[in-house]
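Listed below, chain by chain, are the residues.
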Amino acid sequence: MTNPRPTALIAAMGFVALTALAAVASGQAFPERTRLGRERPAPIVPAQTESHEAEPTGLDAPLAQQQPFEAKAVEVTLADRSVLRLYLADELIEIATPHGNLRIPAEDVLRIEFAQRPPAEITELVNQKLAQLKDGDTDVQKSAAAELVAMGEQAYIALSKAATGGDPNLAPQAAKVLERLKKALGKQELATIRASDFIITPDTRVAGQIVNPYLKIRTAQFGELQLKLADARSLRHQSLIGVAQVVQEDTDAQPDPGNLTRFESQQGKVLAFTVTGMAAGGSVWGTDVYTTDSRLAMAAVHAGVLKVGETGVVRLKIVPSPPSYAGSSRHGITTSAYGIYRAAYQILKGDAEE
C-alpha cells in the first residue's frame with residue numbers, strides 16, 4: 001500500500017539541488033552530444049609557473065588519460081562535498097596575479113583549486129574575535145578563542161595571518177588558537193583551505209585571485225546559471241574524471257530495489273544490493289536506520305557508504321522499526337524525521353553485521 005505521508009520536498013530548492021537533480025535526470029554524466037575531434041591535453045609539466053604560495057597537495061600527480069572529451073565539460077566539488085557535472089559557459093577566466101591580470105581560455109582549463117571566500121559578515125566577526133584575543137581580560141580571550149575554533153575553516157586563514165603577523169600582543173594568542181583549530185579540523189579539511197585560486201592548464205599553473213565572484217555554467221535542463229566561487233572547492237575537466245567501478249565483493253548482490261518495502265518480512269536478514277548513489281529522485285526518513293520506504297540510493301549516500309554517482313555493493317539489515325526516526329543532513333542529503341513505521345533497514349558499514 002502506498003505510504004500516505006506527503007513526499008518530503010528538497011529543502012531550499014536552490015542551485016545545488018536543481019543542478020544535482022538535472023545530473024540524475026539526464027541518466028549519464030553529461031548529455032550525449034557531438035564529440036570534439038581535438039586531442040586530449042598532455043599531462044601537466046612544470047613550465048611557465050606563476051605561483052606565490054605553496055601549491056595544493058596532489059597537483060603534481062599524473063593526470064588520468066580518458067576518452068576524447070567535450071570542450072568545457074567539468075566536474076565541480078562544492079563546499080558541502082557534493083559533486084556536480086556541468087559545462088563552463090565563460091569564454092575566458094580572468095585571474096589577478098602579482099604580475100598583472102591574466103585571461104585564460106576556459107576550454108584550456110584542466111583544474112581549478114578555489115580559494116576560501118568567507119562571507120563579509122563572517123570576515124567581520126573573525127576580525128572582532130581576533131581583536132578580543134589582545135584584550136587584557138582572560139575571560140574575554142578564552143571566549144574569543146572558543147568562538148574562533150567553533151567557526152572552523154572560515155577562521156583559519158585569518159588566524160594563520162595573525163599568528164605570523166608580528167603583532168606581539170596578538171601573534172602568540174593567535175598561534176595557540178590556530179593549533180587548536182588544526183586539531184579540530186583534521187587533515188582532510190585542512191587540505192582544502194587556501195588563500196589563492198590555482199588554475200591549471202596543460203602547460204601552466206597560475207596562482208592568484210579569480211576576478212569575478214562567480215563562474216558562468218550551463219546545464220542541458222536549466223540553461224545558463226551562475227556558480228558562486230564561495231560555494232566551490234575544486235573543478236576538474238571531464239578528461240580527468242576516473243571511471244566509477246562496481247564493487248564485486250558480494251556475488252549475491254541484487255539489483256537496486258528502489259526501496260525495501262517488499263523485504264519488510266525478512267527482519268534480521270542481511271541483504272546486499274548493487275546501488276548507484278543519488279542526490280535526488282526520492283525521499284528518505286531516518287539516520288543510519290531508515291524507514292523501509294526510503295530511497296536506498298539516497299540513504300546510501302547519506303550514510304556515507306557511497307558518493308553521488310558512485311556504484312557499489314550496499315549491505316543492510318532489515319530491523320524492527322524504532323519508536324522514531326531522526327532527520328539529519330549528511331553528504332549533501334537531507335532526511336526527514338518520522339514516528340514509528342512498519343519496519344526499517346540499517347545500512348551496515350565495513351564488516352559490521354549488527
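Worth saying up front: this structure is predicted, and the values here are computed from it rather than measured.

Draft legend 1. Fine view of the overall build of the protein. Looking only at helices and strands, the protein has 7 helices and 21 strands in total. Carbon and sulfur atoms make up 52% of the accessible area of the protein, which totals about 18300 Å².

Draft legend 2. Here's a closer look at the pattern of salt bridges. Inspection of every chain in the model, using the stated rule, returns 13 salt bridges. Here Arg-111 ties to Glu-113 by a salt bridge, and the two come within 2.7 Å at their closest N and O atoms. Residue classification places Arg-111 among the buried positions, given a relative accessible area of 18%. Overall, Glu-113 belongs to the buried group, its relative accessible area being 8%. Where Glu-153 meets Arg-233, a salt bridge forms, and the shortest distance between an N and an O atom there is 2.9 Å. Placement of the pair is Glu-153 in the loop between α3 (138-151) and α4 (156-163) and Arg-233 in strand β11 (residues 232-237), with a sequence separation of 80 residues. Judged by relative accessible area, which is 13%, Arg-233 ranks as buried. Salt bridges sharing common partners tie together Glu-75, Arg-85 and Arg-236.

Draft legend 3. Representation of helix α2 (residues 120-133) in the model. A rise of 1.5 Å per residue sets the reference length of α2, with its 14 residues, at 20 Å; its end C-alpha atoms lie 20 Å apart and thus fit the reference within 8%. Every buried residue belonging to α2 is among Ile-122, Val-126, Lys-129, Leu-130 and Leu-133, and all of these are buried. Angularly, the buried residues of α2 cover 105 degrees about the axis, an arc narrow enough to put them on a single face. Among the exposed residues of α2, those oriented more than 90 degrees off its buried face are Ala-120, Glu-121 and Glu-124. On its buried face, α2 is in contact with α3, α4 and α5 (171-185).

The rules we used
Residues numbered from 1 in each chain as written. Predicted model: local features only at pLDDT ≥ 70, side-chain atom pairs only at ≥ 80, totals over all residues. Heavy atoms only, no water. Helix = DSSP H or I, 4+ residues; strand = E, 2+ residues; numbered from the N terminus. Areas by Shrake-Rupley, 256 points an atom, 1.4 Å probe, with all protein chains shown as cover. Salt bridge = Lys/Arg side-chain N within 4 Å of Asp/Glu carboxyl O. Buried < 20%, exposed > 50% of the residue type's maximum accessible area, 1.4 Å probe, protein only. Expected span 1.5 Å × (residues − 1). Arc of directions from axis to C-beta. Contact = heavy atoms within 4.5 Å.

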